Amino acid sequence: MAEQNKMEKIVSLCKRRGFIFPDSEIYGGLANAWDYGPYGAELKNNIKRRWWKKFVQDREDMVGLDAAIIMNPETWKASGHLSEFSDPLVECLKCKKRYRADELEAETCPACGGKLTNPKKFNLMFKTFIGPAEDSANVAYLRPETAQGIFVNFKNIMDTMRPKLPFGIGQIGKAFRNEITPGNFIFRTREFEQMEIEYFMAPPEKDKDWQAVFEDWREQMLDWMKKLGLDVKRNIHELEVSEKERAHYSKKTIDFEYEFPFGKEELYGLAYRTDYDLSQHAKFSGADLSYTAEDGKKIIPHVIEPSLGVERTVLAVLCESYGEENLTQPSPSQGEGKIETRVVMKFPFWLAPVKIAVFPLLKNKLALVKKAKAVFAKLKVDYACEFDDNGNIGKRYRRQDEIGTPFCVTIDFDSQELDDVTVRDRDSMKQVRVKIGELKEYFEKKFK
Ligand code: GAP
């Protein structure tokens, strides 16, 4: 499958099956903005829930936070975003197209060959006004990273939770960047979600002190990528970002790049932010953001920051899970003996938006429908389930394969007599008969 073709197929499947829609489509859409449909929302929520559990709830050294998107604008002076958070913008003098200078290989406009302006700094923060008066005194910004919500709450967390170093604060939330070149479906958008951790530690005496914490988080992130089902050996590459390319606050950054169909691009970042942010906020706000160590000494903690994008996670998972298989066995939906290509999303089970689909073999046989509804009602107490009686069984299987549902349960004529069902496995397509009374245990084993 050509990689460009693969991307088009994924975008089309996402629309067709209710994962991701173009934003405000009935008005012609909004370029590079996307809405998550029922299955996309489930997928996103599964990712966020698992991340929160793994990195916040399951750890004794972590707490969670949910800070506001619009913050006091002083935040962005202190953090350096007002002066530093910019990309170099060039404009074609002929066709007026705009580009990021650091992404251009040619010295002329790639679209028309026209001459380009000299690069100028374009700040990526979205501006807005607080209240009815649109004057400079009321300017505010939509946060370009969730991280700053954590730094400005450092004192609150210290005062209320009394954590001991090292400890971390995790947060999931929206961030906004007025990107010059958004694109590649949900890869680079102007509105996106981040899952970020600021992990605070005592000021390192030697480089190896922070390097050990950095290395531990590097491994934690790799472990997370494996849990997502990503082929880490083949598809993840680590890139140490050069000093010139690093964000203004970072002393070391690793980008975890993923082999997307459109090329190798950043999936996540891991940075050593030193004490830059807490020191800056202490200076600009006048607040005491120090930590009192065991020996009574006041110190400003240093920070390691694993930063993960939710949408890039969704995209990597979609790319990794997408598969096409030529079926050689007779297919009920195509007729005996015909060869059919099956599209299947092989999500790890925990990620699948629907875990079990329940079908009555025929929709007009009331007894089958009644029994299927009873099985559905039981299963949906524990699993995200879907009831489907549309079209023939073959079509229902194809639909669930494209949604990535691990199991389909069918109630057929034999079920009436034997009080059992067929369970069809997404990956092997094998079917087994299971007694209705044993279904709970059967799925407990499958989903454990
Ligand atoms: N607090 C650090 C920070 O924001 P970043 O590398 O600029 O670092 C972190 O962003 C992560 O956020 C990226 O690795 C990516 O997953 C996600 N991200 C950044 N910009 C994005 C965009 N325009 N669209 C979608 N995701 C984005």
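Above this text sits the structure in question.
Everything numeric in this text was worked out from a predicted model, so none of it was measured.

Structural notes on the pattern of salt bridges
Phase 1: Taken as a whole, this structure holds 42 salt bridges when the rule is applied.
Phase 2: For Lys 77, the salt bridge is made with Glu 74, and the minimal N-O distance between the two is 3.0 Å. Remark: Glu 74 and Lys 77 occur in helix 3 (residues 74-79); sequence separation between them is 3 residues, near one turn of the helix.
Phase 3: The exposure class assigned to Glu 74 is partly exposed, which follows from its relative accessible area of 36%.
Phase 4: For Arg 273, the salt bridge goes to Glu 305, with nearest N and O atoms at 2.7 Å. With Arg 273 in strand 13 (residues 263-274) and Glu 305 in strand 16 (residues 302-309), this pair connects stretches of sequence that are 32 residues apart.
Phase 5: For Arg 273, a relative accessible area of 0% gives the class buried.
Phase 6: By relative accessible area, which is 3% here, Glu 305 ends up buried.
Phase 7: In this structure, a network of salt bridges that share partners links the residues Glu 325, Glu 340, Arg 342, Lys 346, Arg 398, Asp 401 and Arg 424.

Here we look at the nonpolar core
Phase 1: Core analysis: the largest hydrophobic core is formed by 61 residues, its most contacted members being Trp 224, Met 225 and Ile 304.
Phase 2: Once residues within four sequence positions are removed from consideration, Ile 304 is found in contact with Ile 197, Glu 198, Tyr 199, Met 201, Trp 210, Val 213, Phe 214, Trp 217, Leu 270, Ala 271 and Tyr 272.

Thoughts on the layout of surface pockets
Phase 1: Roughly 1600 Å³ of internal volume is contained in the largest pocket.
Phase 2: Considering the residues around the largest pocket, the lining is formed by 47 residues, among which Asp 87, Arg 100, Arg 177, Glu 245 and Glu 266 are closest to the centre.
Phase 3: Among the secondary structure elements, those contributing two or more residues to the lining of the largest pocket are helix 4 (81-84), strand 4 (86-91), strand 10 (191-201), strand 12 (252-260), strand 13, strand 16 and helix 10 (310-321).
Phase 4: Per element, the largest residue contribution to the lining of the largest pocket is 8 residues, and it comes from strand 13.

Rules of the game
- Residues numbered from 1 in each chain as written.
- Predicted model: local features only at pLDDT ≥ 70, side-chain atom pairs only at ≥ 80, totals over all residues.
- Heavy atoms only, no water.
- Salt bridge = Lys/Arg side-chain N within 4 Å of Asp/Glu carboxyl O.
- Helix = DSSP H or I, 4+ residues; strand = E, 2+ residues; numbered from the N terminus.
- Buried < 20%, exposed > 50% of the residue type's maximum accessible area, 1.4 Å probe, protein only.
- Core = buried A, V, L, I, M, F, W, Y, C linked by side-chain atoms within 4.5 Å.
- Contact = heavy atoms within 4.5 Å.
- 1 Å grid on protein atoms, 1.4 Å probe; cavity = no way out; pocket = protein on both sides within 12 Å on 5 of 7 lines; lining within 4 Å.
- Points joined across faces, edges and corners; volume = space filled by probe spheres on them.

From the geometry alone we can't say anything about function, so treat these as descriptive.
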